Amino acid sequence: MLKNKLLLTGVCLLASYASKASIDDYYPYKVLPSASNYGNTGILEMPNARMMQEGQLRWNFSASYPNEFTTLTASPFNWLEATYRYTEIKNEKYGPSGYSGNQTLKDKGFDIKALIKKETYYFPAIALGLRDIAGSGDFSSEYLVGTKKYGKLDLTLGLGWGVLGTDNNIGNPLKSIREGFGTRNDTSDLGGSFTVKNWFSGKTALFGGIEYDIPKRGLRLKMEYDTSNPDFYEKVSKVHSRFNVGVDYSWSENLNITTAFERGSQFRVSFKLTGNFLNDSIPKPKPKKVAKLNKQQQENVKNNKGIFYTSLNLNLRQEGILIQGAELRDDEVDVAIATGRFFSATRPVGRTARMTAALAPDEVKKINIYHMNGDLEVAKFSIGRDYFERADNNKLSSAELLELSTIESPNEDALYSRAEFQPTVTFPEFNWSMSPGLNHQIGGPEGFYLGQLFWKTDFTFKFRRNLLLYSSLGFNIYDTFDDFANPSQSSIPKVRSDIQEYLSEGKNNIQRIQLEYFSQPFKDVFTRFDLGYLEPMFGGVGGEVLWRPFEKNYSLGFSLHKVKQRDYDQLFSFRDYQTTTGHLGIYYDFPYQIRSQLLIGKYLAGDKGATIDLSRRFQSGFSLGIFASKTNLSAEEFGEGSFDKGFYFSIPTQLFYADFSTGIISFGLHPLTKDGAAKLQQHNTLISIVGDQNRDSMIRDWDNLLK
Amino acid sequence: MKYLLNTLAIILFASCSAIDTSRIAPGYGAAFNSIKLAIFGDNNEIDKNLIANIPYASMLVKIGKGPTALMILEGVNGDEYTWVSADGVYLVLKEGKIVKTEGLPNNLFSRFDSPFKWSQNLYEQTYTSYLSFRNPRLDNLKVTSIYEENGKFDVELVFSNKNLQLVEEQIESETIAWSQTNEYWIDNNNFVWKSTQYVSPKLPPIHYRVAKKPL
């Protein structure tokens, strides 16, 4: 009897453990580590070793006195967070009142945080972070931090330097390695440079914190020992308490609200908006299925191929796929397609293969699909009809279908120009589109935010295949640009720094009117010629050539333009400045969908140097990137920032909708608009058209073929 | 002293990753509709005639905002009725209540209830159930129910209108702070013709309308 009781107790305990172990999935809120005041994942003022999930963007607004933070944090990997931040320092003026009125001081900063060791059963997660690098350094800190989870508790202990080391409660352990770690120097006046020699130097402090999750209520309670004292302007009364407390509420998976009481005297409220763009989570329309032809219909098709072409054309049009050429042969079908609906190339190819397999006579064994972007054929897929049908009926895996298919680069004689069936296209062809647009100037002395809402209207006339006239007009709706009062003081040709004049005088403008001609003279070699108003600030003539070997993960390009600066009103006249600009481009795709670009050449202001661009693309099409340029200008000639740098991201619009789309929402930010390292902003660059159309890209998206 | 900070950002412009070719090859349309009709025949609407011609008990089911699906009665085991859809979703109903699901992303694996019949007096007591889920697994989640009659209504069913009693069931699990309201439209013989039920915290509501009642 006792044995049975013990057994029953054991079973109950196990059941209770199993039940407890999984209940987290069923709470109404998903409580996750949340942002610190500084934007990246952390406690309040202190960081922890938790990280955002891969492929996320987080906007954080954290208000208190004297410091108010507005940040954007991205996670290109699950082990890396990068944060760009504006800090409003409310107890300090931007500058003399004659220069910036009553505006408070704004400080820019950039943080980076890397997970260097994942959490295990016994050991904490360890992260290393740098705060406010390449900025003015007012919040400059470095830290090494560990966080360990015990049930619903998250315990953090870390070592901080710089502002995080202000408490100076421990000696700098690195002094034993080198005496120089004992002192920390003031940062550069110009800002923007990496003061590496200061890192992990000077005062050091041990900090820590406790976080506790209450998923039933969507709360994460936070308490920390704060070793920073960023009220360095000494206009705030002294710190009353080193302990900060706060509570984070998960309003939804995307929105968190935090309230905190810090330093024994300050209240803080933060709003955190997070988007996860790793995968497309909104279901999209499934491929259209058609009934296979019966014997009589097949006979009709064999006797009159026109029936096949027209029915295929009609059915594909309903999927947003446009046949550019087709040829039904004895045992093969060739189809060239273009689409304005699908972001991924393999998806329309799969839908075309499915439709072709249904509508072609039984004798057809192989389907060749030429995928086009614009009027350029960029990839040829050869798929066995039987294999495709088996894969479509789950009798063959997607990987097996890939193994049995070929993907190659098409020859330069495009199918659309030699196919038996060529749809009638009447030239010139006219297209137009409209959308609202925004221009900003952020962080200037006249006001933190000056902006313009305008209406963007694009027209495209296509005179023949590969020859088009593209124009983009901007019509002002509302702006606050009349407040501009700080003309450029640049000592080199003002190719970008006259931005205030361009924005204020060109509110209604011709952004571009340009003639473009594309060609593919040889296999894998593409060219583009352009002429006209090439961007809002420059017009001219030039072109580019790109060699993109289809089988390889690299490309080489060269662009050259003779340009003249446009007038501030961005209508038809020019200014006196003219130059020749051009770059050699080397493009290389690393594993994990990391892309690199190295551009070497002469920039608009005549300076010579190189730009490196690194980006990570996710399976959803979401991209995150950073870039930096160094030219032969000295840091003094370049001005604040020391060298050109910035970041960007782009999100496919289809991630927000229940249908496919080729649209992209882009955001790019140069922290400073400078004349050095300024490139011509070209439209329809070859790398943007064919760069993501090599074999590796097709294999990456192969699974979409059956979806 | 801060330097002049000029920042230009272009935000939120919709652009196209490809050259817009949406107007290439226009002009095919009505002339080919006949060809389309000859080859196509699919229609996603569930045809009432189709339901009428199926010789089994059937009901229309909608899960959350998904499409309406037809389910037919697969089997009866005592007072449990198992319904199945073409895409392999199973619902087991007992007294019109969903007591088990299969084939959904998250499933109600089992439930243990206090003895329950629509014919008994339901309205002055709290009923307790223990629900177990799969994917992810959770066993024996305690859920309490309180029933309330809310009047009679003319309800449009698949083939007819019926005057049915609406009963609302307030369910609550204090453990995970989950509460919802289920609805049952019941005839005088205590048969549930129509219902909306929340069967799991991780599933949207399941709506069903019985088309052909089991014999």
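The numbering scheme is per chain: residues are counted from 1 as the chain's sequence reads. Labels follow written order: the first chain is A, the first ligand is 1, and so on. Since the coordinates come from a predicted model, pLDDT governs what is reported: local features require at least 70, and pairs of side-chain atoms require 80 or more to be given and counted, while whole-chain, interface and lining totals use all residues.

Novice: Explanation requested: the domain arrangement of chain A in the structure shown.
Specialist: For chain A, the assigned domains read domain 1 (23-276), domain 2 (295-425) and domain 3 (429-696). For the purposes of this description, domain bounds are those given by an automatic or database domain assignment. Each of domain 1 of chain A and domain 2 of chain A was reduced to a C-alpha centroid, and the two centroids are 54 Å apart.

Novice: Whenever I open this one, unusual backbone geometry confuses me. Can you help?
Specialist: Excluding glycine, a negative phi dihedral is what most residues carry, and trans is how most peptide bonds are arranged. Residue A:Pro66 is reached from A:Tyr65 by a cis peptide bond, and omega for that bond is 10°. Omega for the bond connecting B:Asn135 with B:Pro136 falls within 30 degrees of zero, at -5°, which places this linkage in the cis form. A run of DSSP states H or I qualifies as a helix once it reaches four residues; a run of E qualifies as a strand once it reaches two. Both are numbered from the N-terminal end. Turning to its location among the elements, B:Pro136 is positioned in the loop between strand S8 (127-134) and strand S9 (138-156). Phi at A:Asp524 takes a positive value of approximately 70°, unusual for a residue other than glycine. The topology assignment puts A:Asp524 in the loop between strand S21 (509-522) and strand S22 (525-533). Three exposure classes are used. Buried residues have 20 or more other C-beta atoms within 10 Å of their own C-beta, exposed residues have 12 or fewer, and partly exposed residues fall in between, all C-beta atoms being placed from the backbone. Given 20 C-beta atoms within 10 Å, A:Asp524 falls into the buried group. We note that B:Ala177 has phi near 55°; this positive angle belongs to a residue other than glycine. Within the secondary structure layout, B:Ala177 lies in the loop between strand S10 (161-173) and strand S11 (178-186). Taking the number of C-beta atoms within 10 Å as the measure of exposure, B:Ala177 has 15 and is therefore partly exposed.

Novice: Explanation requested: the pairing of strand S9 (residues 219-225) of chain A in the structure shown.
Specialist: It is a general feature of regular strands that their side chains alternate between the two faces of the sheet. All names here are of chain A. Two strands are counted as paired when DSSP detects at least two bridges linking them. Bridge count for strand S8 (residues 204-214) against S9 is seven bridges, and the pairing is antiparallel. By the bridge assignment for S9, tyrosine 212 is matched with leucine 221. Counted along the chain from S8 to the antiparallel partner S9, the turn is four residues long, and its residue glycine 218 has a positive phi close to 75°.

Novice: Sorry if this is basic, but what is going on with helix H4 (residues 305-318) of chain A here?
Specialist: Spacing of three or four residues puts side chains on the same side of an α-helix, whose turn is 3.6 residues. All names here are of chain A. The end-to-end C-alpha distance of H4, which contains 14 residues, comes to 20 Å, matching closely the 20 Å that a straight helix rising 1.5 Å per residue would cover. Within the span of H4, buried status applies to Phe308, Tyr309, Ser311, Leu312, Asn313, Leu314, Asn315 and Leu316. Positive phi appears at glycine 320, one or two residues downstream of H4, with a value of about 80°. To estimate the expected span of a helix, subtract one from its residue number and multiply by 1.5 Å.

Novice: Please clarify how the sheet that holds strand S6 (residues 141-150) of chain A should be interpreted in this entry.
Specialist: Strand pairing in a sheet takes place through backbone hydrogen bonds and is either antiparallel or parallel in direction. Residue and element names in this part refer to chain A. Taken in spatial order, the 12 strands of this closed barrel run S1-S2-S3-S4-S5-S6-S7-S8-S9-S10-S11-S12, and their pairing is antiparallel. Here the strands of the sheet are splayed against their neighbours by 20° on average, with no regard to which way each runs. Sheet topology places S6 next to strand S7 (residues 153-162); 10 bridges connect them, and they run antiparallel. Residue pairing in the sheet places leucine 144 in a bridge with leucine 159 of S7. Lines fitted to the C-alpha atoms define the axes, with helices restricted to the stretch that makes contact. Angles between their N-to-C directions range from 0 to 180 degrees.

Novice: Please explain the packing of helix H5 (residues 346-359) of chain A against helix H6 (residues 385-392) of chain A as it appears in this structure.
Specialist: Two measures define how a pair of helices packs: the angle their axes make with one another and the distance between the axes. All names here are of chain A. Running from amino to carboxyl end, H5 crosses H6 at an angle of 110°, the nearest separation of the two axes being 10 Å. Our classification of the angle between H5 and H6 gives roughly perpendicular. Of the two elements, H5 crosses H6, and the hand of that crossing is left-handed. In this structure, H5 contributes Ala353, Arg354 and Ala357 to the contact, and H6 contributes Arg385, Phe388, Glu389 and Asp392. Classes in brief: Ala, Val, Leu, Ile, Met, Phe, Trp, Tyr, Cys and Pro nonpolar; Asp, Glu, Lys and Arg charged; the others, Gly included, polar. Classifying every residue of the contact of H5 with H6 by side-chain character gives three nonpolar, no polar and four charged. For classification purposes, angles smaller than 35 degrees are called roughly parallel, those larger than 145 roughly antiparallel, those between 65 and 115 roughly perpendicular, and all remaining angles oblique. Two helices cross in a left-handed way if the nearer one is turned anticlockwise from the farther one by less than a right angle. They cross in a right-handed way if the turn is clockwise. Note on contacts: residues are paired as contacts if their backbone-placed C-beta atoms lie within 7 Å.

Novice: For this particular structure, what's the right way to read the confidence of the model for chain A?
Specialist: Residue and element names in this part refer to chain A. Averaged over every residue, the pLDDT of chain A is 90; residues scoring 70 or more account for 94%. Ranking the elements of chain A by mean pLDDT puts helix H1 (residues 2-23) last with 47 and strand S24 (residues 554-566) first with 98. Overall, residues 1-21 carries pLDDT values under 50, and its contacts beyond four positions in sequence, including any with other chains, amount to six contacts. A residue's pLDDT is the predictor's confidence in that residue, given on a scale from 0 to 100.

Novice: Even after reading the chapter, I still don't get the packing of H4(A) against H5(A), so can you show me in this structure?
Specialist: Residue and element names in this part refer to chain A. It is the contact of H4 with H5, at a shortest axis distance of 10 Å, that shows an interaxial angle of 145°. When you trace H4 past H5, the crossing you get is right-handed. Judged by residue contacts, Phe308, Ser311, Leu312, Asn315 and Leu316 of H4 engage Thr352, Met355, Thr356 and Leu359 from H5. Partitioned by chemical class, the residues of the contact of H4 with H5 number five nonpolar, four polar and no charged.

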